[in-house]
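Architecture at a glance
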Amino acid sequence: MKKLLMIIVFVPIFNLTSLAQQNKYLVFEFIKVESSEMYDFITFKDFMEKVYQSAINDKKITGWDFWVIQSGAELGEFQYITVTYYDDPVKMMDGIANDDLIKYGRIGSPHMNENQIKEMIKKSQSVFDLTQRFYMRQIANSKDDFKYKNGALASFDLMKAVENNFQEYETAEKNVFLPIHQSKIEKGLMGSWVLLRTALPFGSEAKSTHLTMNLYKDYVQFFNAQEYEDMESTAEEKEKIETGLKSRDQKWVYLARLEGAVR
């Protein structure tokens, strides 16, 4: 790859063994591709879909998404977000070794020999820039049966909780905002909602500490949700919302369209 800017933030140490049983782990990668290299990148993306499907079958990962940015990023900042899902924090940190990439490539593209697979992987390193990477742990989610199909939309909201006050922010998300999102889901105005916390230790200079994914099945559902206002909210509930908003700083919001998913 041309360059790799690692955005590393820190959270309290956790028990890897116990959490591996009950949490999902996600790696977000923000990718920039020059217009002259777009064709090669899309070819590589199609190849990697087959690689990740083989990795799922081998229980190395549990899923992979390919999202195309629609809004939120500055011009030329990046155009794509990939999300790789794991069921174990160690697997997440290890990633997929180069030897495994070759093995999965052979399985997914049997018409290519080992040298061709190696050349494809090597060529990919000059096709795109990996501008940011986040290692995340899922800590809350809505109850739904959302299907990850091409054309689905996601709002990736990067948050920074007030320093030394994670508990207040996460409590607000779970007790105040999650019920609001759950209500929208039950009304058909939203597909799913997920709250994630950084899975690596963090410091005060971290640009973000949490991320929420707001998922919609299509643009119709997305715009209907934007126009919706819960007129049943009480004064007490509105006060809780205002307090919750003060517990974090919403750093960035990226809207993206799903253009590939394997499970």
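A quick note: this is a predicted structure, and the numbers were derived from the prediction, not measured.

Enumeration over the complete set of coordinates arrives at 18 aromatic pairs. Measuring from ring centre to ring centre gives 5.0 Å for Phe30 and Phe78, while their planes differ by 75 degrees; the resulting arrangement is edge-to-face. Residue Phe30 is found in strand 1 (residues 25–33), and its partner Phe78 is found in the loop between strand 2 (63–71) and strand 3 (80–86); the two are separated by 48 residues along the sequence. The class of Phe30 is buried, set by a relative accessible area of 1%. The class for Phe78 is buried, based on a relative accessible area of 4%.

Turning our eyes to something else, we now look at the packing of helix 2 (residues 38–57) against helix 4 (residues 98–108). Following both chains from N to C, one finds helix 2 and helix 4 inclined at 105 degrees, their axes separated by 8 Å at the closest point. One way to sum up the angle between helix 2 and helix 4 is to call them roughly perpendicular. For the pair helix 2 and helix 4, contact is made by Phe47, Met48, Lys50, Val51, Ser54 and Ala55 and by Leu101, Tyr104, Gly105, Ile107 and Gly108, respectively. Taken together, the residues that form the contact of helix 2 with helix 4 break down as 7 nonpolar, 3 polar and 1 charged.

Moving on, we get to the pattern of salt bridges. Per the stated rule, a full pass over the model turns up 14 salt bridges. A salt bridge links Lys123 to Asp40, with the shortest nitrogen-to-oxygen separation between them at 3.7 Å. Of this pair, Lys123 sits in helix 5 (residues 114–124) while Asp40 is found in helix 2, placing the two residues 83 residues apart along the sequence. Here Asp40 falls in the partly exposed class, since its relative accessible area comes to 30%. A single salt-bridge network, built from bridges that share partners, covers Asp58, Lys60, Asp100 and Lys103.

Summary statistics for the protein chain give a mean pLDDT of 84 and a share of 80% for residues scoring 70 or more. Of all the helices and strands in the protein chain, helix 1 (residues 16–20) carries the lowest mean pLDDT, 37, while strand 3 carries the highest, 97. Of the regions scoring below 50 in pLDDT, residues 1–21 engages in 55 contacts with residues more than four places distant in sequence or in other chains.

For the pair helix 4 and helix 5, interaxial distance at closest approach is 9 Å and the crossing angle is 120 degrees. Compared by their axis directions, helix 4 and helix 5 come out oblique. Like other packed secondary-structure pairs, helix 4 and helix 5 cross with a definite hand, here right-handed. Taken together, the residues of helix 5 that come into contact with helix 4 (itself represented by Asn98, Leu101, Ile102, Gly105 and Arg106) are Glu114, Ile117, Lys118 and Ile121. When the residues that make up the contact of helix 4 with helix 5 are grouped by side-chain class, the tally is 4 nonpolar, 2 polar and 3 charged.

Another point: the pairing of strand 4 (residues 128–141). Successive side chains on a regular strand alternate, one facing one side of the sheet and the next facing the other. Counting buried positions along strand 4 yields 13 of 14 residues, so the element is predominantly enclosed. Pairing of strand 1 with strand 4, which is carried by 9 bridges, proceeds in the antiparallel orientation. By the bridge assignment, Tyr25 is partnered in strand 4 with Arg137. Here 5 bridges tie strand 4 to strand 6 (residues 192–198), and the two strands are oriented antiparallel to one another.

The subject of this paragraph is the environment of Lys59. Inspection of the secondary structure puts Lys59 in the loop between helix 2 and strand 2. For Lys59 and Tyr86, which are 27 residues apart along the polypeptide, the C-alpha to C-alpha distance reads 9.0 Å.

With that settled, consider helix 4. Turning to helix 4, its buried residues number three or more, namely Asp100, Leu101, Ile102, Tyr104 and Gly105. Buried residues along helix 4 sit in contact with helix 2 and helix 5.

With 34 residues, the main nonpolar core has Phe41, Phe47, Ile61 and Phe128 as its most contacted residues. Broken down by secondary-structure element, the contributors of at least two residues to this core are strand 1, helix 2, strand 2, strand 3, helix 4, helix 5 and strand 4. Apart from residues no more than four positions distant in its own chain, Phe47 is found in contact with Gly105, Ser109, Met112, Ile117, Met120 and Ile121. Within the second largest apolar cluster, 24 residues are counted, among which are Phe28, Leu158, Val194 and Met213.

Let us now look at helix 2. The end-to-end C-alpha separation of helix 2 is 29 Å, in line with the 28 Å expected for 20 residues at 1.5 Å each. Along helix 2, the positions that sit buried rather than exposed are Phe41, Phe44, Lys45, Phe47, Met48, Val51, Tyr52, Ser54, Ala55 and Ile56. Immediately downstream of helix 2, the backbone of Lys59 shows phi near 60 degrees, a positive value.

The rules behind each value
Residues numbered from 1 in each chain as written. Predicted model: local features only at pLDDT ≥ 70, side-chain atom pairs only at ≥ 80, totals over all residues. Heavy atoms only, no water. Phe/Tyr/Trp six-rings, centres within 6.5 Å; stacked < 30°, edge-to-face > 60°. Helix = DSSP H or I, 4+ residues; strand = E, 2+ residues; numbered from the N terminus. Buried < 20%, exposed > 50% of the residue type's maximum accessible area, 1.4 Å probe, protein only. Axes fitted to C-alpha atoms, helices over the stretch in contact; angles between N-to-C directions. Parallel < 35°, antiparallel > 145°, perpendicular 65-115°, else oblique. Contact = heavy atoms within 4.5 Å. Nonpolar A, V, L, I, M, F, W, Y, C, P; charged D, E, K, R; others polar. Salt bridge = Lys/Arg side-chain N within 4 Å of Asp/Glu carboxyl O. pLDDT = per-residue confidence, 0-100. Left-handed = near helix turned anticlockwise from the far one by under 90°. Pairing = 2+ DSSP bridges. Core = buried A, V, L, I, M, F, W, Y, C linked by side-chain atoms within 4.5 Å. Expected span 1.5 Å × (residues − 1).

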